[in-house]
Amino acid sequence: MERILIIGAAGQIGSELTVELRKIYGNENVFATDLKEPSEDIKNSGPWEILDVLDVKRLVHFVIRHKITQIYHLAAVLSGNAEKIPMQAWHINMEGLLNVLDLAKEIEDVKRIFWPSSIAVFGPSTPKDNTPQTTIAEPTTVYGITKLAGERWCEYYWKRYGVDARSIRYPGLISYKTEPGGGTTDYAVEIFYEAIRQKHYTCFLKEDTYLPMMYMSDAIKATIQLMQTEQDKITVRSAYNLGGMSFAPKDVAEKIKQYIPEFTIDYKPDFRQAIADTWPRSIDDSVARRDWNLEIDVDLDKMTKIMLNGVAEKFGKKLRF
Ligand code: NAD
Ligand code: SER
């Protein structure tokens, strides 16, 4: 029986991943932890606790006390926020991961770890289109540096100590249940909130900024699939590329207009444009498809409908797209 710890369970990914893992492994076996309180959904459906991944003593105690067998470590400072506090971001992103890797090395019950990397490991010298699994990775953001270093540590702990750490380079993730936590791809969520709220959005990226993106349900399905794959099928011990779709702000705006014709958009690029300009436009995820049968269901059209309906419902608006 698995006993699962999620660190960062109140965030954009954690709040949906916790619910899915509880469906599979049983509510009582999935422990949601974060620095802040998670949603009512999570608090009411299973165990949760405030826990700082940097508090290594409490973390180790928690893992032993609850006989944890798998850890999903999601706590991090994302790209936009990290540029405002570079050294703090380095500390939180790196110490957090090393605490988790170390305890997995020492505590026998802990058999498997998931830690997300990002398309941010790539930089301006990386081929931008259909970026291969193995290629030049020279990130120029502090977030990207922490993700690249994290990937190297995951591979090191696997090779040196046999710690079964698995990772995905997530593209920008889109969802409406929990708002995103300060990334460069957040525009692709904000645009739907503003479309419903005021039928207008001022975008912080230029109209033709293409980035790899994915709807949350596909990302969660991929994550669980990776974690359930037999050990001998995992050929990548740094992090798997994950592509999904590729679109620019103007493409989302056009799609929204199909459902809300009055919707307008203007563009005021800020510091996040410089970050986006260093990232790939699209990703080759054929290695993940080969190793663990990755499948993607949600395209831009489907995502637009899900997002508009989800956000409208959140604001109590009786709209149906
Ligand atoms: P988020 O910011 O929404 O959530 C992160 C959560 O971690 C927050 O709830 C925060 O309170 C918590 N946290 C921060 N510091 C902590 C600490 N010291 N101890 C415990 N909890 C702490 O982020 P997210 O979008 O859910 O991302 C989760 C992971 O996935 C991160 O590693 C991120 O880099 C990665 N990722 C996300 C995306 C995306 O588009 N959302 C893309 C690529 C990679
Ligand atoms: N969506 C994330 C960000 O923009 C990518 O890792 O920070």
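The notes below deal with the structure included here. (Residues numbered from 1 in each chain as written. Chains lettered and ligands numbered in written order. Predicted model: local features only at pLDDT ≥ 70, side-chain atom pairs only at ≥ 80, totals over all residues. Heavy atoms only, no water.)

Turning our eyes to something else, we now look at unusual backbone geometry. Despite not being glycine, Lys67 has its phi angle at roughly 50°, a positive value. Tracing the backbone shows Lys67 in the loop between α3 (56-65) and β4 (70-73). On the basis of relative accessibility, which here comes to 52%, the residue Lys67 falls in the exposed class. Of note in this structure, Asn130 is not a glycine but carries a positive phi near 50°. By the element assignment, Asn130 lies in the loop between β6 (117-118) and α6 (142-161). We classify Asn130 as partly exposed; its relative accessible area is 47%. (Helix = DSSP H or I, 4+ residues; strand = E, 2+ residues; numbered from the N terminus. Buried < 20%, exposed > 50% of the residue type's maximum accessible area, 1.4 Å probe, protein only.)

This part is about the site of ligand 2. Neighbouring ligand 2 are the residues Leu78, Ser79, Ser118, Tyr143, Gly172, Gly183, Thr184, Thr185 and Trp279. In this structure, Ser79 approaches ligand 2 through a side-chain N or O atom, which is 2.6 Å from an oxygen atom. Between Tyr143 and ligand 2, the recorded distance is 2.8 Å, taken from a side-chain N or O atom to an oxygen atom. Contact with the protein chains covers 93% of the free accessible surface of ligand 2, which is 230 Å². Classifying every residue of the shell around ligand 2 by side-chain character gives three nonpolar, six polar and no charged. (Near = heavy atom within 4 Å. Polar contact = N/O pair within 3.5 Å; in protein donor to acceptor, adjacent residues only side chain to side chain. Areas by Shrake-Rupley, 256 points an atom, 1.4 Å probe, with all protein chains shown as cover. Nonpolar A, V, L, I, M, F, W, Y, C, P; charged D, E, K, R; others polar.)

What follows concerns the sheet that holds strand β11 (residues 211-215). As summarised here, the arrangement of the three strands in space is β9-β11-β13, forming an open sheet in which the pairing is mixed. Single-partner strands in this sheet number two, and they are β9 (172-174) and β13 (245-247). When strand polarity is set aside, the average angle formed by the axes of neighbouring strands in this sheet is 45°. Strand direction decides the pairing type here: β11 and β13, joined by three bridges, are antiparallel. (Pairing = 2+ DSSP bridges. Axes fitted to C-alpha atoms, helices over the stretch in contact; angles between N-to-C directions.)

This paragraph deals with the sheet that holds strand β1 (residues 4-7). Taking strand neighbours across the sheet as the criterion, the six strands line up as β3-β2-β1-β4-β5-β7 in an open arrangement whose pairing is parallel. Every interior strand has two partners, whereas the edge strands, β3 (48-50) and β7 (165-166), have only one. Across three bridges, strand β2 (residues 30-34) lies against β3 in parallel orientation. Along β3, the bridge assignment pairs Thr33 with Glu49. Against the sheet, helix α8 (residues 216-228) touches β4, β5 (112-114) and β7, its axis set at about 160° to β5. (Contact = heavy atoms within 4.5 Å.)

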